[in-house]
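# Close look at the chain arrangement
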Amino acid sequence: MSDPRPIGGRIGAEYTGADPNALPLDEINAALLKHRVLVFRDAGLDDEGQLRFASRFGPLTRAHPTVPSVDGQPDILPVDGEEGIRSNTWHTDVTFVRTPPKLSTLRALVVPPSGGNTLIANSAAAYADLPDVLRDFADGLWAVHTNDYDYALPRTNHGKAAEYRQVFTSRRYQTAHPVVRVHPETGERGLFIGGFAQKIVGLSGTESRDILRLLQAYVTRPENILRVQWNPGDLVLFDNRITQHYAPDDYGDQPRRLHRVTVAGDAPTGINGDTSYIIEGDEAAHYSPQEPAVLTA
């Protein structure tokens, strides 16, 4: 297999015209660990092909802990911006549970002729960018992640937004994760924060917001970001343990629909070896297998 073509200075590489299910798993995984994000142009997959590809990396999660799946496909989450409910915030998928997804896959079904891109940021590069004194400070912090906040803000349809929020928070979760996560495969350190991180353990809300804003600014530096411009049929695979992503709301009333499938992960570990713990909610066993995810060639 030829190596994917790098498409960003610090993050991202792409394959063109390759069937992701025909590529050797160990080589794809090595490329993912190196580049954080892999874009498969014109991958040619349907729902079953996307599920098959994602399941090569380990057991799948359900679509979401609270949001309904695609009809008849319990492991596929529809990502649809047509009703004005758009999650245009920087985040890492489902970090409000103790065992967030290991990897995420997104497949484009309908894309607008302009706009509708996805931005993905390298949180390991962000950690490496921190000044020594700030890095030492971040190493000792823990953050509370929750689904009870304004994750998807309405663009026009406020009634639909209220309905969506009720569904999104139908089970309330709060989980404490290390602000600096150690990657379980590479040992790299990355900033594990994003939109679901709402408070620093032991600090006030005001102090927490200031610190999280400061650290988040390093994640979203332009040099740490890849912009994925979608074409129908493209598939994107990203390492949810060491990235954040954002979908800009810049495509007006044009339709945009993606399907998301995620691979089950383990509880994040901080630099001292301590793992994440639940503050409110349950183990979300209805959503994600609790055993560590493994590669299954």
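Per an unreviewed UniProt entry, the protein carries the name TauD/TfdA family dioxygenase and comes from Actinomadura barringtoniae. Its UniProt record gives the protein a comment under Sequence similarities (unreviewed entry), which states: "Belongs to the TfdA dioxygenase family." You can read under Cofactor (unreviewed entry) in the UniProt record for the protein the words "Fe(2+)".

## Some details on the pairing of strand β3 (residues 37-41)
Taken across its five residues, β3 has five buried, putting it largely inside the fold. Here β3 shows two buried faces, one formed by Val37, Val39 and Arg41 and the other by Leu38 and Phe40. This β-α-β element, strand β2 (residues 13-16) to helix α1 (residues 25-35) to β3, shows right-handed connectivity. Note that β3 and strand β15 (residues 235-239) share four bridges and pair antiparallel. Looking at the pairing, Phe40 lines up with Leu235 of β15.

## Some remarks on the nonpolar core
In this structure, Tyr15, Ile28, Leu38, Phe40, Phe53, Phe57 and Leu237 are the most contacted members of the largest nonpolar core, which totals 24 residues. Setting aside anything within four residues of it in sequence, one finds Leu237 in contact with Ile28, Leu32, Arg36, Val37, Leu38, Phe40, Phe53, Phe57, Leu103, Ser104 and Thr105.

## Quick word on the packing of helix α4 (residues 132-139) against helix α6 (residues 205-219)
One way to put it is that α4 packs onto α6 with a least axis distance of 12 Å and a crossing angle of 120°. One finds that α4 runs oblique with respect to α6. For the pair α4 and α6, the sense of crossing is left-handed. When α4 is examined against α6, the residues Leu134, Phe137 and Ala138 are found in contact with a partner set consisting of Ile211, Leu214, Leu215 and Tyr218. In terms of residue class, the contact of α4 with α6 is built from seven nonpolar, no polar and no charged.

## Details of α6
Each full turn of the α-helix corresponds to 3.6 residues, which orients residues three or four apart in the same direction. A rise of 1.5 Å per residue sets the reference length of α6, with its 15 residues, at 21 Å; its end C-alpha atoms lie 21 Å apart and thus fit the reference within 8%. Regarding α6, the residues found buried are Ser208, Ile211, Leu212, Leu215, Gln216, Tyr218 and Val219. For α6, the angular spread of buried residues about the axis comes to 140°, placing them on one side.

## Quick word on the pattern of salt bridges
One side chain can pair with another of opposite charge once the charged atoms of both are near each other. Counted by the stated rule, this structure contains 20 salt bridges. A salt bridge links Arg41 to Glu14; the nearest nitrogen and oxygen atoms lie 3.0 Å apart. Here Arg41 is found in strand β3, whereas its partner Glu14 is found in strand β2, with 27 residues between them in sequence. Take Arg41 and Glu14: they sit in the same class, and that class is buried. Of the charged contacts in the structure, one is a salt bridge between Asp132 and Arg135, with a shortest N-O distance of 2.9 Å. Highlighted residues: Asp132 and Arg135, both in helix α4, separated by three residues, approximately one helical turn. Several salt bridges share partner residues, and in doing so they unite Arg5, Glu14, Arg41 and Asp234 into one network.

## Focus: the sheet that holds strand β18 (residues 277-280)
Across the sheet, which stays open at both edges, the four strands sit in the order β13-β8-β10-β18 with antiparallel pairing between neighbours. Two strands in the sheet have a free side with no partner beyond their single neighbour: β13 (197-200) and β18. Each strand of the sheet is rotated relative to its neighbour by a mean of 35°, with strand direction disregarded. Where strand β8 (residues 142-146) and β13 come together, three bridges link them in antiparallel fashion. Within β13, the position partnered with Val144 by the bridge is Lys199.

Reading guide: rules and limits
Residues numbered from 1 in each chain as written. Predicted model: local features only at pLDDT ≥ 70, side-chain atom pairs only at ≥ 80, totals over all residues. Heavy atoms only, no water. UniProt positions renumbered as here; feature names shortened; annotations may be inferred. Buried < 20%, exposed > 50% of the residue type's maximum accessible area, 1.4 Å probe, protein only. Helix = DSSP H or I, 4+ residues; strand = E, 2+ residues; numbered from the N terminus. Right-handed = clockwise from strand over helix to strand, strands pointing away. Pairing = 2+ DSSP bridges. Core = buried A, V, L, I, M, F, W, Y, C linked by side-chain atoms within 4.5 Å. Contact = heavy atoms within 4.5 Å. Axes fitted to C-alpha atoms, helices over the stretch in contact; angles between N-to-C directions. Parallel < 35°, antiparallel > 145°, perpendicular 65-115°, else oblique. Left-handed = near helix turned anticlockwise from the far one by under 90°. Nonpolar A, V, L, I, M, F, W, Y, C, P; charged D, E, K, R; others polar. Expected span 1.5 Å × (residues − 1). Arc of directions from axis to C-beta. Salt bridge = Lys/Arg side-chain N within 4 Å of Asp/Glu carboxyl O.

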